[in-house]
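A look at the structure
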Amino acid sequence: MQLARLASLLDKSLTTDQAKQIHCQIVVNRLNDLEPLLIRQTLNSAARYSPRTAHYVKVILRRMQKPDVFATSFTIRYLSQHGQFREALSVYEQMHSSGLFPNTFAVSSALKACARIVCKIGGLMIHGQAQKCGFCKVVFVQTALVDFYSKIGDMVIARKVFDEIRGKNVVSWNSILAGYVKYGDLAMAQSVFDEMPTKDVISWNSMVSGYARVKDMEQAYELFRRMPQRNAASWNAMITGYIECGKIELARSFFDAMPDRNNVSYITMISAYSKYGSVESAKELYDQMAEKDLLLYNAMIACFAQNNRAKEALQLFDEMLKPNANVQPDKMTLASAISACSQLGDSKYGTWIETYMGELGIGMDDHLATSFIDLYAKCGNIDKAHELFKSLQKRDLVAYTAMILGYGINGRGKEAIELFEEMMDADIIPNLVTFTGILTAYNHVGLVEEGYRCFMSMQRHGLLPSQDHYAIVVDLLGRAGRLEEAHELIKTMPMQPHAGVWGAMLLACSLHNNVELAEVAWKNCCELEPDSSGYHSLLANIYASAGRWDDAKRLRRAVEEKGLVKIPGSSWTECFESQQ
DNA sequence: GTAGGGTTAG
């Protein structure tokens, strides 16, 4: 017991991080000799003090031979507070099956975990257990229930539980308020807000973000202006609102005006710039941050990956992996990194990431698997892609699209079409990207009628085909020799066709030796891309095979005179990179 | 209890 006293003394008298850690270490070493009360105190103080001491919480909990109700409940609360919701629930389940009765901390923490991962069944079960234990009159538990039902969108039950609370505190009121806000019921939210006996900054913030989310920035600003005190979240809610309305400049002016910007402010702005393709502005903000946390890295890596700057995405990812960066990548980071690998066709790096996931203890989820499906499909390993596809928990639009595209670019048209039909049967609505994939597949197998019908069906899904879709169909019709139809299709386009459309037309003309239409296509290509020489040589070839040698020669000479030299193997991306 | 990050094309 001397040790226990020493430990207790250390905890009380020494406040430095190191002393706390020594204390924790002593407790760890003599865990089974110590009184439960001391262990509780240690757990409590270690969890709160610093990340380093918090590390000992896990160690202590792991090493306890017979965890009591307190230690187990404490674990659940700790995990739930640190974002490890599934882990928290699994401990809760173990506790339950081992016959230990949870306390109110365990119940409310487990409910919080269910709310966050939207686990309806879990929350309903815990509600039942709480009722059995007689916890449903405890404000903490009741408030956790309101939060849970609000988060899963069941506002009727949330309201019922809320109305039963005696002695509602501001957190209870804020929970129901957040529920109405989340589901866009601003009228109910406003009436709750007006009814609240006391409002704190969180109540005001909820209302501001509520109006911001439904894009009513006038109301949002009015509340923002009137609120008695503001914190960073208030400003961030306004910034998010303006971004949602597409008013980036205005968002930026709030960002610039706010007194204490935090990482959330930066990440919000960076993501907005990313969405609108302003990578340089994003990078500028990113560079301003001295302390970079995981989410900030993720936002910037995602920004590069989403804007075709895969090399920079991977550079930053590498930088993040260095020990002095002091962060560990998570699922989000890896998903962007894999996307970058895929864009570069770098399957080696991608495979390395898969191994590295094991080292980090990161499991595959559907998002990550979708990135890998895309990666393996792009690198030609379509079987591995399909294997991953089969392993998905739930096949969503993006996963189907990635797989269909994969089949499309690998020439497996039949499989792509089957998958597309399966997707439609599952009532998943295709988007523009899906149609790019499926049309590519039809093109590949040469199913002209079916492909054309598929293209025409886009409008039924409320989709306006893009220039790329037109280009694929022009290619499809053109290759089949239906040049007139292809030409008619171009004429009906509601937007100006890009060079890819006319290029497909020109190519089709060269396959079928149609000089007349080739000249039309060629003329349009030259207007759209005057610096490209490829179109001239294509037309020259068409002239030549039609026996019009003079025209062919004239065109080739014109190319030389203009100094348009065809560089073999050059592409737009390479030109772009060499300019940077 | 309020504000932030991922996957499919070009």
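Rules used throughout
Residues numbered from 1 in each chain as written. Chains lettered and ligands numbered in written order. Predicted model: local features only at pLDDT ≥ 70, side-chain atom pairs only at ≥ 80, totals over all residues. Heavy atoms only, no water. Helix = DSSP H or I, 4+ residues; strand = E, 2+ residues; numbered from the N terminus. Contact = heavy atoms within 4.5 Å. Areas by Shrake-Rupley, 256 points an atom, 1.4 Å probe, with all protein chains shown as cover. Lys, Arg positive; Asp, Glu negative; His and termini not counted. Charge placed at Lys NZ, Arg CZ, Asp CG, Glu CD. Near = heavy atom within 4 Å. Polar contact = N/O pair within 3.5 Å; in protein donor to acceptor, adjacent residues only side chain to side chain. Salt bridge = Lys/Arg side-chain N within 4 Å of Asp/Glu carboxyl O. Buried < 20%, exposed > 50% of the residue type's maximum accessible area, 1.4 Å probe, protein only. Core = buried A, V, L, I, M, F, W, Y, C linked by side-chain atoms within 4.5 Å. Domains from an automatic or database assignment. Phe/Tyr/Trp six-rings, centres within 6.5 Å; stacked < 30°, edge-to-face > 60°. Lys NZ or Arg CZ within 6 Å of the ring centre and 35° of its normal. Disulfide = S-S within 2.5 Å. Expected span 1.5 Å × (residues − 1). Axes fitted to C-alpha atoms, helices over the stretch in contact; angles between N-to-C directions. Parallel < 35°, antiparallel > 145°, perpendicular 65-115°, else oblique. Left-handed = near helix turned anticlockwise from the far one by under 90°.

A separate point is the overall build of chain A. In terms of regular secondary structure, chain A is built from 35 helices and zero strands. When its C-alpha atoms are laid out on the principal axes, chain A stretches across 105 × 55 × 50 Å. Put simply, 57% of the contacts in chain A that link residues at least 6 apart link residues at least 24 apart. Looking at chain A as shown, the accessible area adds up to about 30,300 Å², and 53% of this sits on carbon and sulfur atoms. Charged side chains in chain A number 61 positive and 64 negative. The centres of these two groups are separated by 8 Å.

Here the focus is the protein's contact with DNA strand B. The immediate surroundings of DNA strand B are formed by 47 residues, with Asn174, Asp200, Asn205, Asn298 and Asp330 found nearest. A breakdown of the atoms of DNA strand B within 4 Å of the protein gives sugar and phosphate a share of 43%. One of the side-chain N or O atoms of Asp293 is found 3.2 Å from a base nitrogen in DNA strand B. Contact between DNA strand B and Asp468: a sugar or linking oxygen at 3.4 Å from a side-chain N or O atom of the residue. For the surface near DNA strand B, the leading source of residues is helix α23 (residues 366-378), giving six residues.

Moving on: the pattern of salt bridges. Counted by the stated rule, this structure contains 22 salt bridges. Asp256 is the partner of Arg252 in a salt bridge, and the nearest nitrogen-oxygen pair spans 3.1 Å. A residue pair is termed a helical-turn pair when its members lie 3 or 4 positions apart in one helix, as Arg252 and Asp256 do in helix α16 (residues 248-257) at four residues. Residue classification places Asp256 among the partly exposed positions, given a relative accessible area of 44%. Among the charged side chains, a network of salt bridges with common partners joins Glu519, Arg548, Asp551 and Arg554.

By size, the foremost hydrophobic cluster in this structure holds 169 residues, and its most contacted members are Met269, Ile353 and Met505. Residues from two domains meet in this core; each of domain 1 (168-261) and domain 2 (468-580) gives at least three. By size, the runner-up hydrophobic cluster in this structure holds 19 residues, among which are Cys24, Leu34, Leu38 and Tyr78.

The next point concerns the packing of aromatic side chains. Considering all chains together, one arrives at 20 aromatic pairs under this definition. Between Phe162 and Trp173 the ring centres are 5.1 Å apart and the planes differ by 80 degrees, which places this aromatic pair in the edge-to-face class. Taken together, the residues Phe162 in helix α10 (residues 155-164) and Trp173 in helix α11 (residues 170-182) connect sequence positions 11 residues apart. Phe162 sits in the buried class, given a relative accessible area of 1%. Here the aromatic cluster, defined as three or more aromatic residues joined through ring pairs, consists of Tyr221, Phe224, Trp235, Tyr242 and Phe254. Above the plane of the ring of Phe193 lies Lys199, whose end atom (NZ or CZ) is 5.0 Å from the centre. One cation-aromatic arrangement involves Lys292 over Tyr286; the distance from NZ or CZ to the ring centre is 4.7 Å.

Let us look at the environment of Gly462. Relative to the assigned elements, Gly462 resides in the loop between α28 (448-456) and α29 (467-479). For the pair Gly462 and Ala340, spaced 122 residues apart in the sequence, the C-alpha separation amounts to 31 Å.

What is meant by a disulfide is a covalent connection between two cysteines, made through their sulfur atoms. In the structure shown here, the tally under the stated rule is zero disulfides. A disulfide-free cysteine, Cys114 has its sulfur positioned 4.7 Å from the sulfur of Cys119, the nearest such atom. For Cys114, a relative accessible area of 0% gives the class buried. Here Cys303 is not disulfide-linked; the sulfur of Cys341 is the nearest cysteine sulfur, at 17 Å.

A separate point is the domain arrangement of chain A. A common way to report how large an interface is uses the accessible area buried once the components associate. Here chain A is described as being made up of domain 1 (168-261) and domain 2 (468-580). Using C-alpha coordinates to define each centre, domain 1 is positioned 54 Å away from domain 2.

Before going further, it helps to examine unusual backbone geometry. Its identity as a non-glycine residue notwithstanding, Asn308 has a phi of 60 degrees, on the positive side. As for its position among the elements, Asn308 is in the loop between α19 (294-306) and α20 (310-321). With a phi close to 50 degrees, Asn513 is a non-glycine residue in the positive phi region. Here Asn513 is to be found in the loop between α31 (499-512) and α32 (515-528).

The next point concerns helix α9 (residues 139-151). In this model α9 runs 18 Å from its N-terminal to its C-terminal C-alpha over 13 residues, within 8% of the 18 Å that 1.5 Å per residue would give. A large share of α9 lies buried, amounting to 10 of its 13 residues.

Take the packing of α20 against helix α21 (residues 331-344) next. Two elements in contact, α20 and α21, have axes whose closest approach is 9 Å; the angle formed by their N-to-C orientations is 140 degrees. The orientation of α20 relative to α21 falls into the category oblique. As for the relative orientation of α20 and α21, their crossing is left-handed in sense. Here Ala310, Lys311, Ala313, Leu314, Phe317 and Met320 of α20 lie close against α21, whose contacting residues are Thr333, Leu334, Ala337, Ala340, Cys341, Gln343 and Leu344.

Next up on the list: helix α15 (residues 232-244). Taking 1.5 Å of rise per residue, 13 residues should cover 18 Å, and α15 covers 18 Å from first to last C-alpha, within 8% of that figure. Counting buried positions over the 13 residues of α15 gives 10, a clear majority of the element. Listing the buried residues of α15 in full gives Ala232, Ser234, Trp235, Asn236, Ala237, Met238, Ile239, Gly241, Tyr242 and Ile243. As for α15, its buried residues are in contact with α13 (201-213), α14 (217-226), α16 and α17 (263-275). Sitting at the head of α15, Asn231 places a side-chain oxygen 3.1 Å from the backbone nitrogen of Ala233. Of the residues trailing α15, Gly246 is marked for its positive phi of about 80 degrees.

The next subject is the environment of Asn263. Residue placement: Asn263 occurs in helix α17. As a C-alpha pair, Asn263 and Lys292 span 29 residues in sequence and 8.2 Å in three-dimensional space. Residues contacting Asn263, with those up to four places away along its chain left out, are Met289, Glu291 and Asp293.

This part covers the side chain of Asn205. Among the structural elements, Asn205 can be located in helix α13. Once residues within four sequence positions are removed from consideration, Asn205 is found in contact with Met227, Asn231, Ala233 and Ser234.

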